[in-house]
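Residue-level listing of the chains:
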Amino acid sequence: MNSGQSVLQPRLLLPVALAVRVVRGSAMPWITVRTFSGNERVYNLSDLRGGIAVIMTIILVVLIGAVIGIFKRLTGMTIMSLGVATLGWMAAISGMLLTILWSLIPRVNVAGLDLAKATLSQGPGVVVTVVASLSLAFTVVRQLEPFRTYTPSTSVPALPIAALVPMAAIAVTMSSEWIRLGTEGSAVQAQVAGDALYGSGLVVLGIWLSVGLWIGALMVNRSLVISVASGLTVVISLVVAMYALFVWAGGSLINWIVPAKLERWTAVSVEPQLYIVLVSSFLALVVATLGFFAKIQNLRFTLGERAPGISKLYYSDVVGGVILLGVLVSVVWQLV
Amino acid sequence: MPAIRRRLCDVITGLFTYIAIFGMTAVWILGWMGLSVVVGSFFDLPLRTVSLVGAILGPLGFIVTIMIGVLESRNPAAAEFLPAASTSSTEFVDDPFA
C-alpha cells in the first residue's frame, strides 16, 4: 500500500481499539442479581455453557476483519463491526429482555432463582459493550454513501458530546442501587436499583435508543437527527427524573412504584447514585431542550485543516490510543 | 459412566446454547436489515448502504435510514445549514473519530 492510498483510507487503530473494548465488555458483568439477603451476584456471557465459544468466535471474526482491514480498510472494518455488533446486540437483548420481564412481571423464576426475593439489573458490561459496538458501527456507516455527505470531517459537534455525558451517566446509574431497604434489628437488607422498579425496563430501552441517536448525531451531524435525538431525550429524562423524584420523595409514594412485597421493610436509605441520576436527568433535559435551537445545534469544536505529511498524529489514533489505554487499565485493575 | 453422560450432556447443552445465541442474534440482525432495505428502497437509497446500516445498527439503523431518506429527498440547496464534509482527497486525514 503506498502513502497516497493510506491518506485516502480511514485509520485502523480506532476500529481495532473499539473492537477490543467490546470484547473486554463481554468479560464484565452483564446481569447483576441482588438478593434480599444483601448479597450481590454478577453474570456475564462466559458463565453460560457455550459462552466462551461464542466469545472466541467473535474474536476470530474481529481478527479476520483486522487482517483484511490492513489491505482493504472499509471491508475489514465492516467485518469487525458485524462481529462486535453481534456481541453488542447480545448484551442489549439479554439485558433489556430480562429487565423488561422483571420490571413488568414481578413474580417470575429465572434459572431456579426466586426473583420475588431478589432484584435484577443490567451490569456495567452492557454499557461498555453496547456503546463501543455502536461507536464502531457509526465509524463504518459514516464512510458509506450517502452518509459521507453528511459527516463533518474537520470539526466535532458540541451538542451530542454535551448530551452523551449525562445520558451515559443515567445509563450507568439506572443499573446501580438507588435505595437500600432494611428491617429494624436485623442485618437483612435489600438494594433496589433504578432498573428494578416497575416499568423501568421500557425506560432502559428508551435510554439506549437515545444514547444511540446521540452517537449517530455525532457522526451524521444534521438538524433532523439532532432534533429527533433531542425529542426522545426530553421524554426519557423527564421520565427518569420522575422515577428518581418519586423514590427520593419516599413516604407513601415509594409504595406505588416499589413492588408490594417490599412493604415490610422499615428502614429506607437513599444512595448517592440517586442524586447522580437526578442531576444527570436535569442536565440531559436542559441540553436536549437547547438542541431544538439551530444556533446551539451549530456549535462545534473546529479541529482545523491539515495537509497530509505535516503531522503524523491523527485524531482518531489519539482517541483509539486512549480507549486501548482504558482497556489496559481496567484489565490490570481487575487482576490486581 | 454417569460422569461421562453428564459431560456429554454439558457439551450438548453448550452446543445448543451456542446455536441459540447466534440464531437469535442472526434473526435480529437479518430482520432489521430487511426492514431497513424496505425503507431504503422507498427513498431510493443505495442497497449496499442500507443493508449494512440495518445489519450493524439494528433498530437505530432503521431510524437513521428513515432520517437519511428524508434528508436525501429534500432539496439539497434549501435543506441544511450545516456544512457538508469536505470532498477533497485529504478528507480522512482531518477526520475526527475517523
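Residues numbered from 1 in each chain as written. Chains lettered and ligands numbered in written order. Predicted model: local features only at pLDDT ≥ 70, side-chain atom pairs only at ≥ 80, totals over all residues.

1. Here's the deal with the overall build of chain B
At step 1: A tally of helices and strands in chain B yields 4 helices and 0 strands.
At step 2: Each helix (α) and strand (β) of chain B, taken in turn from the N terminus, gives the series α-α-α-α.
At step 3: Across the 98 residues that make up chain B, the buried fraction comes to 33%. (Helix = DSSP H or I, 4+ residues; strand = E, 2+ residues; numbered from the N terminus. Buried ≥ 20, exposed ≤ 12 C-beta atoms within 10 Å, placed from the backbone.)

2. Structural notes on the overall build of chain A
At step 1: When helices and strands are counted, chain A shows 12 helices and 10 strands.
At step 2: Counting contacts in chain A only where the partners sit at least 6 residues apart, residues at least 24 apart contribute 77% of the total. (Contact = placed C-beta atoms within 7 Å.)

3. Brief notes about the confidence of the model for chain B
All names here are of chain B.
At step 1: For chain B, mean pLDDT is 77; residues scoring 70 or higher make up 74% of the total.
At step 2: The low-confidence segment residues 77-93, where pLDDT is below 50, has 35 contacts with residues more than four positions distant or belonging to other chains.
At step 3: Among the prediction metrics, the complex's ipTM stands at 0.73, with pTM recorded as 0.76. (pLDDT = per-residue confidence, 0-100.)

4. A look at unusual backbone geometry
At step 1: Of note, the phi angle at Asp-44 of chain B is positive, near 60 degrees, even though the residue is not glycine.
At step 2: The topology assignment puts Asp-44 of chain B in the loop between helix H1 (2-42) and helix H2 (47-57).

5. Concerning the nonpolar core
At step 1: Among the nonpolar cores identified, the biggest contains 101 residues, and Ile-207 and Trp-214 of chain A are the most heavily contacted of them.
At step 2: Discounting residues that sit within four places of it in the chain, Ile-207 of chain A has contacts with Met-167, Ile-170, Ala-171, Met-174 and Ile-236 of chain A. (Core = buried A, V, L, I, M, F, W, Y, C linked by C-beta atoms within 7 Å.)

6. Points about the environment of Val-16 of chain A
All names here are of chain A.
At step 1: Along the polypeptide, Val-16 turns up in helix H2 (residues 13-26).
At step 2: Look at Val-16 and you get buried, because 22 C-beta atoms sit within 10 Å.
At step 3: Along the primary structure Val-16 and Arg-300 are separated by 284 residues, whereas in three dimensions their C-alpha atoms are 27 Å apart.

7. Re the confidence of the model for chain A
All names here are of chain A.
At step 1: Model confidence for chain A is summarised by a mean pLDDT of 78, while 77% of its residues fall at 70 or above.
At step 2: Counting contacts from residues 1-7, a segment whose pLDDT is below 50, to residues more than four positions away or on other chains yields 5 contacts.
At step 3: Within the model, pLDDT remains below 50 along residues 108-113, and this stretch shows 8 contacts once partners closer than five positions in the same chain are excluded.

8. A look at the packing of helix H8 (residues 223-249) of chain A against helix H3 (residues 59-73) of chain B
At step 1: Viewed as axis vectors pointing N to C, H8 of chain A and H3 of chain B meet at an angle of 140 degrees, and their least axial separation amounts to 10 Å. In terms of orientation, H8 of chain A and H3 of chain B fall into the oblique class. Considering the relative orientation of H8 of chain A and H3 of chain B, their crossing is right-handed. Counted together, Leu-224, Val-225 and Val-228 of chain A of H8 of chain A and Met-67, Val-70 and Leu-71 of chain B of H3 of chain B form the full contact between these two elements.
At step 2: Within the contact of H8 of chain A with H3 of chain B, the residues separate by chemical class into 6 nonpolar, no polar and no charged. (Axes fitted to C-alpha atoms, helices over the stretch in contact; angles between N-to-C directions. Parallel < 35°, antiparallel > 145°, perpendicular 65-115°, else oblique. Left-handed = near helix turned anticlockwise from the far one by under 90°. Nonpolar A, V, L, I, M, F, W, Y, C, P; charged D, E, K, R; others polar.)

9. Description of the environment of Gly-40 of chain B
Residues and elements named next belong to chain B.
At step 1: Tracing the chain through its elements places Gly-40 in helix H1.
At step 2: You can call Gly-40 buried: it has 24 C-beta atoms within 10 Å.
At step 3: With 25 residues separating them in the primary sequence, Gly-40 and Thr-65 have C-alpha atoms 6.3 Å apart.
At step 4: Every residue in contact with Gly-40, bar those within four places of it in the chain, is listed here: Leu-45, Val-50, Thr-65 and Gly-69.

10. Description of helix H12 (residues 315-335) of chain A
Residue and element names in this part refer to chain A.
At step 1: Over its 21 residues, H12 extends 31 Å from the first C-alpha to the last, a length consistent with the 30 Å expected when each residue adds 1.5 Å.
At step 2: Turning to H12, its buried residues are Ser-316, Gly-320 and Ile-323. When H12 is viewed along its axis, its buried side chains cluster within an angular range of 65 degrees and face the same direction. Residues of H12 that are exposed and point over 90 degrees away from its buried face: Val-322, Leu-325, Leu-328, Val-329, Val-332 and Trp-333. (Expected span 1.5 Å × (residues − 1). Arc of directions from axis to C-beta.)

11. What about the environment of Val-270 of chain A?
Residue and element names in this part refer to chain A.
At step 1: Mapped onto the secondary structure, Val-270 falls in strand E9 (residues 267-270).
At step 2: In sequence terms Val-270 and Thr-139 are 131 residues apart; their C-alpha atoms lie 40 Å from each other.
At step 3: The residues contacting Val-270, other than those within four sequence positions of it, are Ile-179 and Trp-248.

12. Digging into the packing of helix H5 (residues 124-141) of chain A against H2 of chain B
At step 1: Two numbers describe how H5 of chain A lies on H2 of chain B: the axes approach to 10 Å, and their chain directions differ by 175 degrees. With respect to H2 of chain B, the axis of H5 of chain A lies roughly antiparallel. Across the interface between the two elements, Ala-137, Val-140 and Val-141 of chain A from H5 of chain A touch Val-53, Ile-56 and Leu-57 of chain B from H2 of chain B.
At step 2: Across the contact of H5 of chain A with H2 of chain B, the residue classes break down as 6 nonpolar, no polar and no charged.

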